[in-house]
Amino acid sequence: KSASSGVPNSMAGRDVAYCLHPYTNARAHEEKGPLIITHGKGINVFDDQGKSYIEAMAGLWSTSLGFGEDRLIKAANKQMKELPYYHSFTHKTPIPPIELSEKLLSMAPVPMSKVFFANSGSEANDTVVKLVWYYNNAIGRPNKKKIISRMKGYHGVTVASASMTGLPANHTDFDLPIANILHTSCPHYWRFGKDGESEEDFSTRMANDLEKMILDEGPETIAAFIGEPVMGAGGVIVPPKDYWEKIQIVLKKYDILLIADEVICGFGRTGNTFGCETFGMKPDIISVAKALSSSYLPISAVMISDELYQGIADNSAKIGVLGHGYTYSGHPVCAAVALETLKIYEERNLFDQAAKVGEHLQAGLAQFKDHPLVGEVRGVGLIAAVELVQDKKTKASFDPVGKVGTYLNERAIEEGLIIRNMGDSIAFCPPLIITEDQIDQMLDRFKTALDKTL
Ligand code: PLP
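Residues numbered from 1 in each chain as written. Predicted model: local features only at pLDDT ≥ 70, side-chain atom pairs only at ≥ 80, totals over all residues.

Caption draft 1: Fine view of the packing of helix α16 (residues 403-414) against helix α17 (residues 436-453). Two elements in contact, α16 and α17, have axes whose closest approach is 8 Å; the angle formed by their N-to-C orientations is 130 degrees. When the interaxial angle is binned, α16 and α17 end up oblique. The element α16 and its partner α17 pack so that their crossing is right-handed. Every residue of α17 that contacts α16 at Val404, Tyr407, Leu408, Arg411 and Ala412 is listed here: Arg445, Phe446, Ala449, Leu450, Lys452 and Thr453. Its residues placed into classes, the contact of α16 with α17 shows seven nonpolar, one polar and three charged. (Axes fitted to C-alpha atoms, helices over the stretch in contact; angles between N-to-C directions. Helix = DSSP H or I, 4+ residues; strand = E, 2+ residues; numbered from the N terminus. Parallel < 35°, antiparallel > 145°, perpendicular 65-115°, else oblique. Left-handed = near helix turned anticlockwise from the far one by under 90°. Contact = placed C-beta atoms within 7 Å. Nonpolar A, V, L, I, M, F, W, Y, C, P; charged D, E, K, R; others polar.)

Below you can see the structure in the form of structure tokens.
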């Protein structure tokens, strides 16, 4: 604080004085203060002391083109000058969301019919919930409303999305989940597989758990199932090979919609354009965000199948206008930046590149399997996690969970590496533009931090 005024005069002091941080413990933040990031370039960001960090998480699983893509800046600038804002309510629209919708539909992993825009993954998933309810009301199935999500799934933090999220921190003390949201088993074979159970048997058990929940609740009450192809914030949980096939058989049997939350997996992350392709998912609804604009501006989208669209359109006379939409739905500047992002992915063939470089990442991480602190190394494409355990044999976690992960995270910061610990699972989700040499450098820094944690 400045001696004369008592008002904080450093940036860190001002942050602690004025900002309430997401996903941050309030008192711990008062003691520790912030890491202030001032600029970025390629896969690196820099703090206010000039120290450089490899951003192994692409921000929040999202800055796929890294931190200095001039074309996105130009696209934003051009659109800002032409038309900085217009909305899409009541039959009006700016041009960029039209072009972006067309592009997204051409990339969709299964035929999709229409695109609705929002600003964040949470808003996209809230939109999904509302569209599912709206659709079932429109077509005369008012009792088919429950949505099944999974424990450890992550779908955002707005009231409905946080309810679908299956993590205690997002429910406890927020009085969530809301009604009509249920959570079934988490498909983490290494953690939840039984002794002697094969991966295939485990997948069958997951599908049986789902079917039991549907039958207990009454199939006529279950509207949809939502899942990330690979769970991200729940700890990068890659399901066994045939998990999604078995789940989809159950959903089909009871006429339950499949919603793919592609907010992390979409746009190359798992080595294909969409995670749905990697895992053979045939969704009725897809939500995307994050890498849609490489996170340079906030934008998310929901794609719906023609069956859903026709169900809504056929009943328009009865239901009136779609009473849902955000001031910034289809914001022209955000949409223009997203469109340019998708062009860059295509021109630079970045999804194939992610698949190739992803193999290098997974092979490099495999070296840590024998480390005394490591229980499991898992991942696909350019997303991975290393889970730390107290006891390699029994897989017993540290007590309390997260303490060692947080310690390792801090050692990584010392080494110039930004990773993310979710409990004691350490995630890697670097920008898609990362090279094999940069991956080696990232893993060298991680090794030093891990050895310091021993
Ligand atoms: N869905 C998934 C799979 C996510 O990983 C996230 C964010 O991490 C969200 C939804 C929520 O997105 P947002 O933070 O943009 O609201």
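Caption draft 2: Fine view of the site of the ligand. Ser120, Gly121, Ser122, Gly156 and Val263 are the nearest of the 16 residues found near the ligand. Of all the elements in the fold, those that place two or more residues in the shell around the ligand are α3 (58-62) and α6 (121-138). Among the elements that make up the shell around the ligand, the one with the highest residue count is α6 (three residues). Grouping the constituent residues of the shell around the ligand by class yields seven nonpolar, seven polar and two charged. (Near = placed C-beta within 6 Å.)

Caption draft 3: Looking closely at the sheet that holds strand β11 (residues 374-380). In spatial order, the strands read β11-β12-β15-β14; together these four strands make up an open sheet with antiparallel pairing. Each having just a single partner strand, β11 and β14 (420-422) make up the two edges of the open sheet. Recorded for the sheet is a direction-independent mean angle of 25 degrees between the axes of neighbouring strands. In this sheet, strand β12 (residues 383-388) lies alongside β11 in antiparallel orientation, the contact comprising six bridges. Among the inter-strand pairings, valine 377 is bridged to a residue of β12, identified as valine 386. (Pairing = 2+ DSSP bridges.)

Caption draft 4: Quick peek at the sheet that holds strand β9 (residues 285-288). Taken together, the seven strands give an open sheet; going across it, the order is β4-β10-β9-β8-β7-β5-β6, and neighbouring strands pair in mixed fashion. The sheet terminates laterally at β4 (114-118) and β6 (181-184), the two strands that pair on one side only. Going from strand to strand, the sheet's axes swing by 20 degrees on average, the running direction of each strand aside. Against the sheet, helix α9 (residues 199-217) engages β5 (146-150), β6 and β7 (222-227), with an angle of about 150 degrees to β6.

Caption draft 5: The pairing of strand β15 (residues 425-428), seen in detail. The two faces of β15 match: Ser425 and Ala427 on one face and Ile426 and Phe428 on the other face are all buried. For β12 and β15, the ladder comprises four bridges, and the chain directions are antiparallel. Bridged to glutamate 387 within β15 is serine 425. Strand direction decides the pairing type here: β14 and β15, joined by three bridges, are antiparallel. In the sheet register, methionine 422 faces β15, and the bridge partner there is serine 425. The loop that links β14 with its antiparallel partner β15 comprises two residues; one of these, glycine 423, has a positive phi angle of about 65 degrees. (Buried ≥ 20, exposed ≤ 12 C-beta atoms within 10 Å, placed from the backbone.)

Caption draft 6: Molecular detail of the packing of helix α15 (residues 350-366) against α17. One can describe the packing of α15 onto α17 by two numbers: an axis separation of 10 Å at closest approach and a directional angle of 25 degrees. Accordingly, the angle class assigned to the pair α15 and α17 is roughly parallel. The hand of the α15/α17 crossing is right-handed. Across the interface between the two elements, Val357, His360, Leu361, Gly364 and Leu365 of α15 pack against Glu436, Ile439, Asp440 and Leu443 of α17. Tallied by class, the residues present in the contact of α15 with α17 amount to five nonpolar, two polar and two charged.

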